[in-house]
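A closer look at the structure
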Amino acid sequence: KPNSIYVSKIPVELEVFTNREANCFISTPPAPGDALTTTTDKLIHHLDGIRWISSPGKYNFTVNCGFIKSGNIPLYKEQVLTLIYDSQAPEILNFSAINTCMLNELYVKWSAKESISTITGFLYKIKADTVELFNLTETTKNEVRIDVSNYDAKNISTGAKYTIIVGGKDSAGNVDKIGKTSQEIRLSDPFAHECLERIPPKGNITKEFKDNAAFIT
């Protein structure tokens, strides 16, 4: 156990634990006939490298263990294993900025492409020109929404251009710490046309005097 495992580097070492003395070997491709070295207690079985795993992909193979019974007649049991070898971190494809109509706010979404492994999260940081607002931060979402006024404005000009750098992580352990840099991301504009349409019009207040009495309409 586990029956499935993700790896990001080769060679792939294999270690099998049994609850009784046994002799184990791989009985199906990619390495049929490869015997596992058994420790002195014959409960731990090790193979330095699984042959023929040289390129990323999904590999299914069977480990066969012969358990020693009385009379030295082995009882064979098989365990099917799936190994996913993936050496490439998820690729960030594109970015999109959304106007939240909130002053000083950035709201960015991105899409990513997974290869073989499952995407488990992202690392991101935001720059104002060349100034980093914060160090790499981890998230499991493919979006971030922040108020830039909450960060130290030192060395950040009024008309600074904002960009985001995002890198992906996957279940094989691949992490892209360099990431992909977005195009310029504009701060949300509360005075944009679509934002002003959300504000209900104010009523006009006037005073009228009739028969020495004041009325507000």
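Just above, that's the structure.
What you see as residue numbers is a count from 1 along each chain, following the sequence as written. For this predicted model, a pLDDT threshold of at least 70 governs which residues receive local features, and a threshold of 80 or more governs which side-chain atom pairs are given and counted, while totals over whole chains, interfaces and linings are taken from all residues. The side-chain quantities take in all heavy atoms of the structure and omit both hydrogens and water.

With that out of the way, let us pick up the packing of aromatic side chains. Stacked, edge-to-face and tilted labels apply to pairs of Phe, Tyr and Trp rings (six-membered ring for Trp) whose centres lie within 6.5 Å, assigned for plane angles under 30 degrees, over 60, and everything in between, in that order. The final tally for this structure, using the stated rule, is 4 aromatic pairs. Seen in terms of ring centroids, W110 and F122 are 5.6 Å apart; in terms of plane orientation they differ by 80°. Their pairing is edge-to-face. With W110 in strand β9 (residues 105–113) and F122 in strand β10 (residues 119–128), the pair connects residues that are 12 residues apart, well separated along the chain. The cut-offs for exposure are 20% and 50% of the maximum accessible area for each residue type, with area from a 1.4 Å probe on protein chains only; residues under the lower value are buried, those over the upper are exposed, and the others partly exposed. Residue classification places W110 among the buried residues on the basis of a relative accessible area of 3%. Strands are runs of DSSP state E lasting at least two residues, helices are runs of H or I lasting at least four, and both sets are numbered from the N terminus onward.

On to the sheet that holds strand β5 (residues 44–47). The rule for pairing is simple: two strands pair if DSSP sees at least two bridges between them. The strand order β2-β5-β4 describes an open sheet built from 3 strands, whose pairing is antiparallel. Two strands lie at the open edges of the sheet, namely β2 (14–17) and β4 (37–38), each paired on one side alone. By the bridge criterion, 2 bridges tie β4 to β5 in an arrangement that is antiparallel. Opposite T38, over in β5, you have H45 as the bridge partner.

What follows deals with the environment of E21. Here E21 shows up in the loop between β2 and β3 (22–26). Separated by 20 residues in sequence, E21 and D41 place their C-alpha atoms 7.2 Å apart. Between two residues, a contact is recorded if the distance between any of their heavy atoms is within 4.5 Å. For E21, the contacting residues outside a window of four places in its chain are D41, K42, L43, G66, F67 and I68.

Relative to the assigned elements, S188 resides in the loop between β15 (180–181) and α1 (193–196). Classification of S188 as buried rests on a relative accessible area of 7%.

Definition of nonpolar core: a set of buried residues of the types Ala, Val, Leu, Ile, Met, Phe, Trp, Tyr and Cys, connected through side-chain atoms within 4.5 Å. Counting 20 residues, the largest nonpolar core has L14, I26, I50, F61, V63 and L83 as the members making the most contacts within it. Of all the secondary-structure elements, those providing two or more residues to this core are β2, β3, β6 (57–68) and β7 (74–85). Among the elements that take part in this core, β6 stands out by supplying 5 residues, more than any other. What L83 contacts, discounting residues up to four positions off in sequence, is I5, V7, V12, I50, I53, G57, K58, Y59 and F61. Residues W110, Y124, A128 and Y162 belong to the second largest nonpolar core, which totals 19 residues.

Take the sheet that holds β3 next. Think of a sheet as strands paired side by side through backbone hydrogen bonds, with each pair either parallel or antiparallel. Within the open sheet, the 4 strands sit side by side as β1-β7-β6-β3. Their pairing is mixed. Across the chains shown, the open sheet's two edge strands, defined by having one partner strand only, are β1 (4–7) and β3. Along the sheet, successive strands turn relative to each other by an average axial angle of 30°, direction set aside. Taken together, the 12 bridges between β6 and β7 define a ladder with antiparallel strand orientation. Opposite G66, over in β7, you have Y76 as the bridge partner. An axis is simply a line fitted to the C-alpha atoms; with a helix, the fit covers only the stretch in contact. Between two such axes, the angle follows the N-to-C directions and lies from 0 to 180 degrees.

Attention now moves to unusual backbone geometry. Omega for the bond connecting I10 with P11 falls within 30 degrees of zero, at 5°, which places this linkage in the cis form. When you line up the elements, P11 lands in the loop between β1 and β2. Although it is not a glycine, N104 sits at a positive phi angle of roughly 65°. Among the residues examined, N104 registers a relative accessible area of 27% and is labelled partly exposed. In this structure, D129 is a non-glycine residue whose phi angle is positive, near 60°. Within the fold, D129 resides in the loop between β10 and β11 (131–132).

So, on to the pairing of β9. Summarising the sheet, strand β8 (residues 91–97) and β9 pair through 6 bridges and their orientation is antiparallel. Across the sheet, S96 pairs through a bridge with K109, a residue of β9. When β9 meets strand β13 (residues 143–147), the two strands line up antiparallel, connected through 5 bridges. The partner of Y107 across the bridge, within β13, is R145.

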